[in-house]
Amino acid sequence: MSSRDSRAEGLQGVDLRLGYHGATVVHDAAITLRPGAVTALVGPNGSGKSTLLRGLARLHPLEHGEVRLTDGTSARALTAREFARRVTLLAQSRPTPSGVTVRDVVGYGRHPYRGRWRAGDPDGPAMIDRAMATTGVTAMADRPVDELSGGELQRVWLATCLAQDTGVLLLDEPTTFLDLRYQVEILDLMRDLADDHDVAVGVVLHDLNQAAAVADEVVLLHGGRVRATGAPNDVLTEQALTETYGIRIEVTVDPVNGILTTRPVGRHSTRALA
C-alpha cells in the first residue's frame, strides 16, 4: 500500500499524566498500540479518552511519562517532521479551509515528505490518489471542501491521514457525522489497515458495540484512569460497564458467532411496542 519502510510500527504510552490549567485529567495511564491491531479507547464523556489520544500524538503536553515508538525511540527525540512520518491523528474537529479542493486537502497529508515549494515527494500523487480511492472521495476530488456535508468532509480528512502514510493511525471519534453506511465502511477500513498493512490503530469510540466489533483490545477509562485493558469480552463486562457509566448495561455474547452486544437499560427500555 505504501512507500514507507515496511517495518511494522507501534506506539506506547508509559505513566502518562495530562491536564489542563494545572488540573490533572489523565492519571498515570499506560497504553500500547501494537502493529496490526486495533485498540479502542472507550468511556464516559470526560473520562480522558481524547486527551490521552492527543498526548500520544504529541498534541497535548505531558505532565509526566513518556511516549515511545516500537523501536524504543522517545517521541520527544524526534522532530515534528520525523514524528509526522510515523504517527498521524484524525482529530474530532478541524477548521474547514475555504476555496480549497478535496485533492488539495488530501495533499496536506504529504507535508512531512515535501521540501520547499512542495518538492521532493515522488510518491505523493500516487498516495493521494490511493487515499481518496480508499475513502470513496475520488469523485469529489475537484470540489471545494467548504461545499461538502459533514460526513463527506470527515472522509476527506481521513483520506488526508491515509495520504500521510504512517505506521500508527490515531482516530478521535471517526464515525461522528457519518451515516450508517460510512460508519461501517470506516470501521472496515480500520480493520483492513491493521490486518493487511500492519498499521497500529488507536481509536476513540463512544459506541460500545462498534468497539466490540472492530477492536482487538479495549481500554476502558473512568475518571481519567485506565480501569481495564484487554480483549473486548474481558473488558466490556456488565459489572465494569455499569459501574463506569452509572447506568445498568446488559451484555450478551452470541453463542454461535461470539459477537458481543451491549444494551443500556433505561426506565423505558422494556416498554412493549404498540
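Per an unreviewed UniProt entry, the chain is named Iron complex transport system ATP-binding protein, and its organism is Micromonospora pallida. We quote the UniProt Subcellular location (unreviewed entry) comment for the chain here in full: "Cell membrane".

Visitor: Account for the packing of helix α4 (residues 124–135) against helix α5 (residues 150–164), naming residues and giving values.
Guide: The N-to-C vectors of α4 and α5 enclose an angle of 140 degrees; their axes lie 8 Å apart at closest approach. It follows that α4 is oblique to α5 by the angle criterion. Read as a crossing pair, α4 and α5 show a hand that is right-handed. Along the contact surface, α4 presents Met127, Ala131, Met132, Thr134 and Thr135, while α5 presents Arg155, Leu158, Ala159, Leu162 and Ala163. By residue class, the composition of the contact of α4 with α5 is seven nonpolar, two polar and one charged.

Visitor: Explain the sheet that holds strand β2 (residues 23–33) to me, using residue names and the numbers behind them.
Guide: A sheet is described by the order of its strands in space; here three strands give the open sequence β2-β1-β4, paired in antiparallel fashion. Strand pairing shows two members of the sheet lacking a second neighbour, β2 and β4 (64–69), which therefore form its edges. Averaged over all adjacent pairs, the angle separating strand axes in this sheet is 25 degrees, with direction ignored. Examined bridge by bridge, strand β1 (residues 11–20) and β2 share seven bridges and lie antiparallel to one another. Across the sheet, residue Tyr20 finds its bridge partner in β2, namely Ala23. Together, β1, β2 and β4 form the strand contacts of helix α1 (residues 49–56), whose direction differs from that of β1 by roughly 120 degrees.

Visitor: So what's going on with the packing of aromatic side chains? Residues and values would help.
Guide: Counted by the stated rule, this structure contains zero aromatic pairs. Taking the ring centre of Tyr182 as reference, the NZ or CZ of Arg155 above it sits at 3.7 Å.

Visitor: Got a sec to walk through the pairing of strand β11 (residues 260–264)? Specific residues and values, please.
Guide: Here is the key point about a regular strand: its side chains alternate between the two faces of the sheet. As paired strands, strand β10 (residues 249–253) and β11 are joined by five bridges and run antiparallel to one another. Pairing of Ile249 across the sheet is with Pro264, part of β11. Connecting β10 to the next strand, β11, in antiparallel fashion are six residues, including Gly258 with a positive phi near 75 degrees.

Visitor: Run through unusual backbone geometry, naming residues and quoting values.
Guide: Even without a glycine there, the phi angle at Asp15 is positive, about 50 degrees. Note that Asp15 resides in strand β1. Phi is positive for Asp198, close to 60 degrees, though the residue is something other than glycine. Mapped onto the secondary structure, Asp198 falls in the loop between α6 (180–197) and β7 (200–204).

Visitor: Hey, could you go over α1 for me, with residue numbers and the actual values?
Guide: With seven of eight residues buried, α1 is to be regarded as a mostly interior element. If you check which residues of α1 are buried, you get Lys49, Ser50, Thr51, Leu52, Leu53, Gly55 and Leu56. Following α1 by one or two positions, Arg58 has its phi on the positive side, about 65 degrees.

Visitor: Give me the lowdown on the sheet that holds strand β5 (residues 87–90), citing residues and values where you can.
Guide: Reading across the sheet, the six strands line up as β5-β6-β7-β3-β8-β9 and stay open at both edges, with mixed pairing between neighbours. Since the sheet does not close on itself, it has two edges, and those belong to β5 and β9 (225–230), each with one partner. Taking each pair of neighbouring strands and ignoring which way they run, the sheet shows an average axis angle of 15 degrees. Examined bridge by bridge, strand β3 (residues 38–42) and β7 share four bridges and lie parallel to one another. In the sheet register, Ala40 faces β7, and the bridge partner there is Val203. Against the sheet, α5 engages β5 and β6 (168–172), with an angle of about 180 degrees to β5. In this fold α6 packs onto β3, β6 and β7, with an angle of close to 140 degrees to the strand it touches most, β3.

Visitor: Kindly report on the domain arrangement of the chain, identifying the contributing residues and their values.
Guide: Here the chain is described as being made up of domain 1 (6–86 + 166–237) and domain 2 (99–164). Contacts between domain 1 and domain 2 engage 16 residues on the former and 14 residues on the latter. In this assembly, domain 1 packs against domain 2 so that about 1,200 Å² is buried in total across both faces, 63% of it on carbon and sulfur atoms. The largest share of the area that domain 1 buries against domain 2 comes from Arg81, Arg85 and Leu189, three residues that together contribute 35% of it. For the pair domain 1 and domain 2, the number of links is zero salt bridges. Taken together, the links from domain 1 to domain 2 amount to seven residue pairs in polar contact (both at pLDDT 80 or more). Among the elements of the structure, α2 (80–84), β6 and α6 are those that each provide at least two residues to the side of domain 1 that touches domain 2. With four residues, α6 is the largest single contributor of residues to the side of domain 1 that touches domain 2. Across the side of domain 1 that touches domain 2, the residue classes break down as 10 nonpolar, three polar and three charged.

Cut-off values and rules
- Residues numbered from 1 in each chain as written.
- Predicted model: local features only at pLDDT ≥ 70, side-chain atom pairs only at ≥ 80, totals over all residues.
- Heavy atoms only, no water.
- UniProt positions renumbered as here; feature names shortened; annotations may be inferred.
- Axes fitted to C-alpha atoms, helices over the stretch in contact; angles between N-to-C directions.
- Helix = DSSP H or I, 4+ residues; strand = E, 2+ residues; numbered from the N terminus.
- Parallel < 35°, antiparallel > 145°, perpendicular 65-115°, else oblique.
- Left-handed = near helix turned anticlockwise from the far one by under 90°.
- Contact = heavy atoms within 4.5 Å.
- Nonpolar A, V, L, I, M, F, W, Y, C, P; charged D, E, K, R; others polar.
- Pairing = 2+ DSSP bridges.
- Phe/Tyr/Trp six-rings, centres within 6.5 Å; stacked < 30°, edge-to-face > 60°.
- Lys NZ or Arg CZ within 6 Å of the ring centre and 35° of its normal.
- Buried < 20%, exposed > 50% of the residue type's maximum accessible area, 1.4 Å probe, protein only.
- Domains from an automatic or database assignment.
- Buried area = accessible area lost by both parts, 1.4 Å probe.
- Salt bridge = Lys/Arg side-chain N within 4 Å of Asp/Glu carboxyl O.
- Polar contact = N/O pair within 3.5 Å; in protein donor to acceptor, adjacent residues only side chain to side chain.

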